[in-house]
Amino acid sequence: MINQPGFDTLAIRSGHTRSAELEHSEPIFATSSFVFENAAQAAARFAGDEAGNIYSRFTNPTTRVFEQRLAALEGGECCVATASGMAAITSLCLALLEAGDHIVSSRSIFGSTTTLFEKYLPRFGIQTAFVDLTRIEQWQAAIQPNTRILFVETPSNPLTELADIAELAALAHAHDCLLVVDNCFCTPALQRPLSLGADLVVHSATKYLDGQGRIVGGAVVGSREIVGEAIFGVVRTAGSCISPFNAWVASKGLETLNLRMTAHSRQAQRLAEYLQQHPRVEKVHYPGLEAHPQHALARRQQADFGGVLSFVVEGGREAAWGLIDATRMLSITANLGDVKSTITHPASTTHGRVSDTLKAEAGIVEGLVRIAVGLEDVEDIIADLARGLGD
Ligand SMILES: *Cc1c(COP(=O)(O)O)cnc(C)c1O
């Protein structure tokens, strides 16, 4: 019987082939180019007749460790690493779309992805329709004959709403479209979109893959044909490649991904339960709570519920800002996916430029506070918030 390595074994052991130095930890190949044995080998490499490194904008051994490791964890054939999460999404669009094409996207996606879809892609003749991620009939109604991509982030930020990935994949394939899932919030430790039928997974390695807030990076995972050829072709040409150092940090982050995601989830669950019973908290958004409208879907689709939650404090903006300013340990920053807990007021930061009507429709109320729960002792996180909640 062939024993298939488990998730943690792949996270720790896959991707690295020891060099002649027999190093134990993966080395960083800080080199822009690679040399050839002779002129004939140079010619064969450039012609694509012989595999091997040429230049670090194309391939680099340290970057390859990260790519192979992430591909193994997502259960994909191929991975291409990029300079950032946004470079991953932009490269994917450049590789797969042309003038006249159309995207259907969840409305609740990362702010810069919205800007890419609304401001920049239309210049190249590519339009996007935005829908409510939880309403399959809206996705269905928005699909046109020229739709090529369905794009979703699940759970969403900051309200932790879920899309049913298997259902969206079936819809995409019935219309000859690709389903792209931004898997930042769950990571492959908690959710594997490709196994649910998605065609491509995109990542901001800046978040949980690194997990300690040290680098900016990204990646796309999927089939050899789409990722290994089409998207790789754009990245090596456009230069949206990751630096070997950043790839190294992200690949070392993957080694502890499962441990960290399990711990982030356990801490967030504890904090969500504390907030849920607090008299000054009107509502808590966290998929791990039974009161979450999609708790059953979250149980089915995810291995755990993740590290991000949001809640509505009684008293609107004044109370939300008061709570944020009363913290002494939590970091006031919009970033997430770090061992350090972060706290933010979506209505005046990440969603600050969204019109009041759209904010109201989207549930981004003035009393809403988002926390990306880190790995400090959870009782210290609770104590830091309790001060602002008047406990
Ligand atoms: C941060 C983030 C991105 C963009 O990633 P960068 O590395 O900042 O370019 C995309 N999607 C989600 C869900 C994110 O949180």
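Predicted, not measured: the structure shown is a model, and the values here were computed from it.

Caption draft 1: Structural context of the side chain of Ser 310. Within the element layout of this structure, Ser 310 appears in strand E9 (residues 308–313). For Ser 310, the side chain forms a polar contact with the main-chain oxygen of Pro 158, separated by 2.6 Å. If we ignore the near neighbours within four places in the chain, the residues touching Ser 310 are Pro 158, Leu 159, Lys 283, Val 284, His 285, Leu 368, Val 369 and Arg 370.

Caption draft 2: Geometry of the site of the ligand. Around the ligand, the surrounding shell consists of Ser 84, Gly 85, Met 86, Phe 110, Glu 153, Asp 182, Cys 184, Ser 204, Thr 206, Lys 207 and Gly 217. Between the ligand and Gly 85, the relevant distance is 2.9 Å, taken from an oxygen atom to a main-chain nitrogen or oxygen of the residue. Side-chain polar atom of Thr 206 to an oxygen atom of the ligand: 2.6 Å apart, as the coordinates give it. Computed on the free molecule, the ligand has an accessible area of 380 Å², of which 91% lies beneath the protein chains in the complex. When grouped by side-chain class, the residues that make up the shell around the ligand number three nonpolar, five polar and three charged.

Caption draft 3: Examining unusual backbone geometry more closely. Thr 154 connects to Pro 155 through a cis peptide bond whose omega is -5°. Mapped onto the secondary structure, Pro 155 falls in the loop between strand E4 (147–153) and helix H7 (165–174). Cis geometry marks the peptide bond from Asn 157 to Pro 158; its omega dihedral reads 0°. Position of Pro 158 relative to the elements: it lies in the loop between E4 and H7. Phi angles above zero are rare outside glycine, and Thr 160 is one such case at about 55°. For Thr 160, the position within the fold is in the loop between E4 and H7. Taking the relative accessible area as the measure of exposure, Thr 160 reaches 2% and is therefore buried. Not every positive phi belongs to a glycine, and Thr 187 is a case in point at roughly 65°. Mapped onto the secondary structure, Thr 187 falls in helix H8 (residues 187–190).

Caption draft 4: Representation of helix H9 (residues 224–238). Of all the bends found along H9, the most pronounced is centred on Phe 232 and spans about 35°. Residues Ile 226, Val 227, Gly 228, Ile 231, Val 234 and Val 235 constitute the buried set of H9. Residues of H9 that are buried sit in contact with strand E1 (78–82), helix H4 (85–96), strand E5 (178–182), strand E6 (200–204) and strand E7 (218–222). Once H9 finishes, Gly 239 follows within two positions and takes phi at roughly 80°, a positive value.

Caption draft 5: The arrangement of the packing of helix H3 (residues 61–74) against helix H10 (residues 244–254) in detail. It is the contact of H3 with H10, at a shortest axis distance of 8 Å, that shows an interaxial angle of 35°. Where H3 crosses over H10, the two elements pack in a sense that is left-handed. The residues of H10 that touch H3, namely those facing Thr 62, Thr 63, Val 65, Phe 66, Arg 69, Leu 70 and Leu 73, are Pro 244, Ala 247, Trp 248, Ala 250, Ser 251 and Leu 254. Residues that form the contact of H3 with H10 fall into these classes: nine nonpolar, three polar and one charged.

Caption draft 6: Layout of H4. Over its 12 residues, H4 extends 17 Å from the first C-alpha to the last, a length consistent with the 16 Å expected when each residue adds 1.5 Å. Restricting attention to buried positions, one finds in H4 the residues Gly 85, Ala 87, Ala 88, Ile 89, Ser 91, Leu 92 and Cys 93. Of the residues flanking the start of H4, the one acting as N-cap is Ser 84, its side-chain oxygen 3.4 Å from the backbone nitrogen of Met 86.

Caption draft 7: Spotlight on the domain arrangement of the protein chain. Considered domain by domain, the protein chain is made up of domain 1 (7–254) and domain 2 (258–389). Inter-centroid distance (C-alpha atoms) of domain 1 to domain 2 is 27 Å. Both faces considered, domain 1 and domain 2 share a buried interface measuring about 2,700 Å² in area, 56% of it formed by carbon and sulfur atoms. The interface formed by domain 1 and domain 2 includes one salt bridge. A salt bridge links Arg 300 to Asp 164; its shortest N-O distance comes to 3.4 Å. Between the two partners, domain 1 and domain 2, sit 13 residue pairs in polar contact (both at pLDDT 80 or more). The set of elements that each furnish at least two residues to the side of domain 1 that touches domain 2 consists of helix H1 (7–13), H7, H8 and H10. Looking at side-chain class alone, the side of domain 1 that touches domain 2 contains 16 nonpolar, 10 polar and five charged residues.

Caption draft 8: Quick look at the nonpolar core. Among the nonpolar cores identified, the biggest contains 31 residues, and Leu 271, Leu 275, Leu 309, Phe 311, Val 369 and Ile 371 are the most heavily contacted of them. Contributing elements (two or more residues each) for this core: helix H11 (257–276), strand E8 (281–285), helix H12 (295–301), E9, helix H13 (316–326), strand E12 (368–372) and helix H15 (378–388). Grouped together as the second largest cluster of nonpolar side chains are 30 residues, Ala 71, Leu 73, Ala 189 and Ile 215 included.

Caption draft 9: Representation of the pattern of salt bridges in the model. One pass over the structure, following the stated rule, counts 13 salt bridges. The closest approach of N and O atoms between Arg 387 and Asp 384, which form a salt bridge, is 3.1 Å. Of the two residues, Arg 387 and Asp 384 both sit in helix H15, three residues apart, roughly one turn of that helix. Overall, Arg 387 belongs to the partly exposed group, its relative accessible area being 34%. Residue classification places Asp 384 among the buried residues on the basis of a relative accessible area of 2%. Several salt bridges converge on common partners, so that one network encompasses Glu 26, Arg 69, Lys 252 and Glu 255.

Caption draft 10: A look at the sheet that holds E7. The strand order E1-E7-E6-E5-E4-E2-E3 describes an open sheet built from seven strands, whose pairing is mixed. Every other strand in the sheet has two partners, leaving E1 and strand E3 (127–131) as the edge strands with one partner each. In this sheet, adjacent strand axes meet at a mean angle of 20° when their direction is disregarded. Relative to E7, E6 runs antiparallel, the two being bridged by four bridges. Bridging across to E7, Val 202 finds its partner in Val 220. Here H3 sits on the sheet and contacts E1, E6 and E7; the angle it forms with E1, its principal contact strand, is near 130°.

The rules we used
- Residues numbered from 1 in each chain as written.
- Predicted model: local features only at pLDDT ≥ 70, side-chain atom pairs only at ≥ 80, totals over all residues.
- Heavy atoms only, no water.
- Helix = DSSP H or I, 4+ residues; strand = E, 2+ residues; numbered from the N terminus.
- Polar contact = N/O pair within 3.5 Å; in protein donor to acceptor, adjacent residues only side chain to side chain.
- Contact = heavy atoms within 4.5 Å.
- Near = heavy atom within 4 Å.
- Areas by Shrake-Rupley, 256 points an atom, 1.4 Å probe, with all protein chains shown as cover.
- Nonpolar A, V, L, I, M, F, W, Y, C, P; charged D, E, K, R; others polar.
- Buried < 20%, exposed > 50% of the residue type's maximum accessible area, 1.4 Å probe, protein only.
- Bend = angle between axes of the 7 residues up to and from the residue.
- Axes fitted to C-alpha atoms, helices over the stretch in contact; angles between N-to-C directions.
- Left-handed = near helix turned anticlockwise from the far one by under 90°.
- Expected span 1.5 Å × (residues − 1).
- Domains from an automatic or database assignment.
- Buried area = accessible area lost by both parts, 1.4 Å probe.
- Salt bridge = Lys/Arg side-chain N within 4 Å of Asp/Glu carboxyl O.
- Core = buried A, V, L, I, M, F, W, Y, C linked by side-chain atoms within 4.5 Å.
- Pairing = 2+ DSSP bridges.

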